[in-house]
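Now for the letters of each chain:
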Amino acid sequence: MRRHSVIAGTGSALPVRCVTNAELAQRVDTSDEWIVERTGIRQRHIAGQGETTATLAADAARAAIKASGLAPTDIGLIVLATATPDNTFPATATKVQALLGIPDCIAFDVAAVCSGFLYALGVADSMLRVGAARHALVIGAETMSRILDWEDRSTCVLFGDGAGAVVLSASEAGDGRGILATQLHADGRHGPMLYVDGGPSTTQTVGHLRMQGREVFRHAVTNLSAVMGEVLAEAGLEPGDIDWVVPHQANARIIDATARKLGLPAERIVLTVDRHANTSAASVPLALDEAVRDGRIQRGQLVVLEAMGGGFTWGASLVRM
Ligand code: UT7
């Protein structure tokens, strides 16, 4: 059996503070009714003092390591996806490494915004298959609240903070488990539709998130349904074989429309957008961990992970749990 990567444990972490739509409606001209109807979002978690992308990531990572039955020192690789690093450098992954007490491993960040976790999973999977490490931590972690323009009602109601992690382990077992297919894409021509208007090399500021929501919506449904079809085709499987879809949690209407295009019933979709909002790179691993811990996702089941975000970047991964 060729070496492949298996998800050995999942974990997640959310900031303590939870902010409802009603609370936001006191700050900007919006309403609970508008936000729920257009997005499905009812609340989001917002990082407070002392909570950063690295601390949330480390909490999620600890939970994933515990679930895998390994020790932090077994980890040889940390790939952390984020658009909101603690600092411009060093990589937040190295901060997580220090927080976990791992004296030496490979550690770096991946920047692919909302599809960052899919990119990180693809990179870690490739590295495990060529023997760069035996066990990897793949993390999606964000503090989106720190790059939002809190005066802009068209964006500030949509995002939240959090982190999710998986332990990915190399395996030679012939039990059919593991990452079966991965497809990743980018089309940089669409950069101006979803971007941050600052950065070290341009404005020397952190900047704020800007988005043409309607355009992003349209591309999301098309790209996500296409990329899910691609991973199924790569593995020689059909939509009817899928037990669970764990989608990027940007908008319940995007999730519904994408599922409908593939003929997937709502009962097979993991939905957390109502409680987490869009946590960018954290959204897929947060939703995955929730569904693993509450017993919906079982060992041996076929799961599709998918996401699309700034760049544009998008991707999907087909995993036998
Ligand atoms: O993570 C991946 C990237 N992100 C996404 O996938 C998000 C993709 N886009 C979306 O989810 C949706 O396009 C939004 C939720 C952002 C917007 O929903 P929409 O149905 O596309 O609304 P819209 O942009 O067409 O705006 C409709 C109206 C506008 O008013 P007018 O011009 O029709 O008078 C907006 O000004 O809603 C107004 N509006 C709001 N009203 C109340 C925009 N934001 C708000 C708000 N509260 N927060």
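Just above, that's the structure.
Because the structure is a prediction, the values reported are computed rather than measured.

**Student:** Run through the sheet that holds strand β1 (residues 4–13), naming residues and quoting values.
**Tutor:** Strand order in the open sheet formed by five strands is β1-β7-β6-β4-β5, and the pairing between neighbours is mixed. If you trace the sheet from one side to the other, it starts and ends with β1 and β5 (106–110), each paired once. This sheet shows a mean twist of 20° between the axes of neighbouring strands, independent of strand direction. In this sheet, strand β6 (residues 135–143) lies alongside strand β4 (residues 77–81) in parallel orientation, the contact comprising five bridges. In the strand pairing of β6, V79 is matched with V138.

**Student:** Tell me what's going on with the pattern of salt bridges, and back it up with residues and numbers.
**Tutor:** Counted by the stated rule, this structure contains 16 salt bridges. Taking the shortest distance from any N to any O, the salt bridge between E23 and R17 comes out at 3.0 Å. We classify E23 as partly exposed; its relative accessible area is 30%. Of the residues examined, R17 reaches a relative accessible area of 41% and is grouped as partly exposed.

**Student:** For the packing of aromatic side chains, give the residues involved together with the corresponding values.
**Tutor:** In this structure the tally under the stated criterion is zero aromatic pairs. The aromatic ring of W150 is capped on one face by R27, whose charged end is 4.8 Å from the ring centroid.

**Student:** Report on empty space enclosed by the protein, specifying residues and quantitative values.
**Tutor:** Inspection of every chain in the model, using the stated rule, returns one cavity of 30 Å³ or more. What the largest cavity holds in volume is close to 30 Å³. Forming the boundary of the largest cavity are M228, V245, P247, I255, T258, A259, L264, I269 and E306. Taken together, the elements giving at least two residues each to the lining of the largest cavity come down to β11 (244–247) and α8 (252–262). A total of three residues in the lining of the largest cavity trace back to one element, the largest contributor, which is α8. Its residues assigned to classes, the lining of the largest cavity shows seven nonpolar, one polar and one charged.

Thresholds applied
Residues numbered from 1 in each chain as written. Predicted model: local features only at pLDDT ≥ 70, side-chain atom pairs only at ≥ 80, totals over all residues. Heavy atoms only, no water. Pairing = 2+ DSSP bridges. Helix = DSSP H or I, 4+ residues; strand = E, 2+ residues; numbered from the N terminus. Axes fitted to C-alpha atoms, helices over the stretch in contact; angles between N-to-C directions. Salt bridge = Lys/Arg side-chain N within 4 Å of Asp/Glu carboxyl O. Buried < 20%, exposed > 50% of the residue type's maximum accessible area, 1.4 Å probe, protein only. Phe/Tyr/Trp six-rings, centres within 6.5 Å; stacked < 30°, edge-to-face > 60°. Lys NZ or Arg CZ within 6 Å of the ring centre and 35° of its normal. 1 Å grid on protein atoms, 1.4 Å probe; cavity = no way out; pocket = protein on both sides within 12 Å on 5 of 7 lines; lining within 4 Å. Points joined across faces, edges and corners; volume = space filled by probe spheres on them. Nonpolar A, V, L, I, M, F, W, Y, C, P; charged D, E, K, R; others polar.

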